[in-house]
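So the chains spell out like this:
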Amino acid sequence: MSRAEHLPPAFPDRAPWGTAGKLRAWQEAALESYHAQPGKDFLAVATPGAGKTTFALRVAADLLERKVIRAITVVAPTEHLKTQWAEAAERAGIRIDAGFRNADGKTARGFKGVAVTYAGVAAHPILHRNRTEVRPTLVILDEVHHAGDAKSWGEAVAEAFAPATRRLALTGTPFRSDTNPIPFVTYAPGPDGIDRSVPDFVYGYGDALSDAVVRPVVFLAYAGQMRWRTRAGDELAATLGEPLTDDLTNQAWRTALDAGGQWMPAVLRAADRRLTEVRRHVPDAGAMVIATDQTAARAYARLLRDMTGTAPTVVLSDDKGASARITEFSNSEDRWLVAVRMVSEGVDIPRLTVGVYATNASTPLFFAQAVGRFVRARRRGEIASVFLPTVAPLLGHAAELELTRDHVLGKPVTAEDGDLFGPEDDLLAAANREQDGADLSMGEWQALESEANFDRVMFGGAEFGLPAAPGSREEQEYLGLPGLLDADQVAVVLRKRQADQLKAASRRARREGSVVQPPAAARPVVTSAERSALRRELHTLVGAWHHRSGAGHGSIHAELRRVCGGPTTAQASVDDLKRRIDTVRRWATAGKPS
């Protein structure tokens, strides 16, 4: 019997409460599905933290024992993941050479295979094809969506591994919604006629949550006032979370993430307080900040050092020492890790329970990868807490966490899709470059000041909370959630705390003669698309009034601002736009007052 028979459900820890003794139920089902498939290709989609590595190594062990294959090639996105795969395989009794380089040509004696990166395959696809042809080989394509990152990568993977005896493709994140086909993935037309990927086995976050395989995630969103100077020298101000144009949203978001303002320090302090509460029940719990670039990562590390008195671990890029620093942090009881890219995908640090999403990456792919770093469950009742800026794209991704996204072919990608991955590729490339010098492309843009306020909690598709100042009792009510609660208990506690807040706010409003702020569920973040629709409706009505009255478009807009108040249309809130739309409609039916 192979050592793989005794694999724990997931490395590096034992299975959490409620899972099978050897393989988790989903892994057993996936294994049965794999052996029932007659073809050489198999695509398994399983949520981060579910144990894809264990499933794949069990498949490999079975195929080796049955002599279907004699060699294994693991293709991973990063150098660190190569090492992680080799260590896991070693525990399963399968020796994988993670130090293999194209220049080596072949592995040393005693290895059953190699672990390489997609970039390494793209650099010499013929070499890997020749290696695949020599012996019957299983190719494990980890996070296979990376084979669609660039045409050259996809072509290289197709060329190198076409002769493979078996190919097992794995992914735990939403596929890219572009038109680059992923090699060895089957596509079929959907009801709308658009081709989509067809997985052979799916184990989503919702399923994993029900099985207690992953942690439930509580999202804590923070809004606040932002002020910045544009390249043209104009000073603008906006409230993060209010409906704005895409450009204004991005600039307000960027202002919030500036380490020199007050928004980031307030959110980091809140996250650190949350970590302290979690560590009452989970003593080794850790936290991570995901930064946009290296300059920001260093700045956040300084803030955390000043707040906590201890310098956090900093991982800046996929350099020689990064893997060692990640491993050291994973095996320690240190509180904080600050990173740019290295831990955004695939890297397992199971003790991470608190995260700060301090990056302007807004694609579903990157978001899912980032949140996936916090969901691996180790025991019953652990929950994850992720701090976010209150911006519509991120809150939308948080609300859709349990959905599975198929890779789409033939679908034109437009800016309105909100699913563009080019900016993410640029971001990750920039994250691996030193950015100590001035960025001349940014011109005169400058963050001037920022303030934070607690906005809402998102959990299980519902929203909770009233706006609250950092450090307030109201904020602390949510930061102080116990570190060990199951999903049902979390929902009960959140509902009770919101009810208590509403009662207290009502009593205060009666005393002060003020108005109670609506709870989060009544304060949806309006998307830019919804706001754009209102602007289009207003412009249409203004055009119709122009033809009826003969007044110029500019003078009509100016009159609406005079009557209804508020800024220019470009900066107008949804309420401003709705008031102006109603006003023009009244003019059309009752006539414009003189």
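Read on for an overview of the structure.

**Examining the side chain of Arg373**
Phase 1 of the analysis: Tracing the sequence through the fold places Arg373 in the loop between helix 12 (364-371) and strand 16 (384-389).
Phase 2 of the analysis: At 2.9 Å, the side chain of Arg373 and the backbone oxygen of Gln369 are in polar contact.

**Some points on helix 5 (residues 125-134)**
Residues spaced three or four apart along an α-helix point in a common direction, a consequence of the helix completing one turn every 3.6 residues.
Phase 1 of the analysis: Those residues of helix 5 not exposed but buried are Pro125, Leu127, His128, Arg131 and Thr132. One side of helix 5 carries all its buried residues, which in axial view fall inside an arc of 160°.
Phase 2 of the analysis: Where helix 5 is buried, its residues touch strand 2 (71-76), strand 4 (113-117), helix 4 (118-123), strand 5 (137-141) and helix 6 (151-161).

**Structural notes on the sheet that holds strand 3 (residues 96-97)**
Phase 1 of the analysis: Taken together, the seven strands give an open sheet; going across it, the order is 3-4-2-5-6-1-9, and neighbouring strands pair in parallel fashion. At either margin of the open sheet sits one strand with a lone partner, and together these are strand 3 and strand 9 (201-203).
Phase 2 of the analysis: Judged from the four bridges that link them, strand 5 and strand 6 (residues 166-171) form a sheet pairing that is parallel. When the bridges of strand 6 are listed, Ile140 appears paired with Leu168.
Phase 3 of the analysis: Sitting on the sheet, helix 2 (residues 52-65) touches strand 1 (41-46), strand 2, strand 5 and strand 6, and the angle it makes with strand 6 is about 170°.

**As for the pattern of salt bridges**
Phase 1 of the analysis: Per the stated rule, a full pass over the model turns up 23 salt bridges.
Phase 2 of the analysis: Between Arg378 and Glu382 there is a salt bridge, with the nearest N and O atoms lying 3.4 Å from each other. In this structure, Arg378 and Glu382 share a single accessibility class: buried.
Phase 3 of the analysis: Two residues, Asp500 and Lys496, come together in a salt bridge whose shortest N-O distance is 3.0 Å. One end of the pair is Asp500 and the other is Lys496, both in helix 16 (residues 487-512) and four residues apart, which spans about a single turn.
Phase 4 of the analysis: In this structure Lys496 comes out as exposed when scored by relative accessible area, which is 54%.
Phase 5 of the analysis: Each of the salt bridges in this network shares a partner with another, and the network as a whole consists of Arg215, Asp284, Arg378, Arg379 and Glu382.

How each quantity is defined
Residues numbered from 1 in each chain as written. Predicted model: local features only at pLDDT ≥ 70, side-chain atom pairs only at ≥ 80, totals over all residues. Heavy atoms only, no water. Helix = DSSP H or I, 4+ residues; strand = E, 2+ residues; numbered from the N terminus. Polar contact = N/O pair within 3.5 Å; in protein donor to acceptor, adjacent residues only side chain to side chain. Buried < 20%, exposed > 50% of the residue type's maximum accessible area, 1.4 Å probe, protein only. Arc of directions from axis to C-beta. Contact = heavy atoms within 4.5 Å. Pairing = 2+ DSSP bridges. Axes fitted to C-alpha atoms, helices over the stretch in contact; angles between N-to-C directions. Salt bridge = Lys/Arg side-chain N within 4 Å of Asp/Glu carboxyl O.

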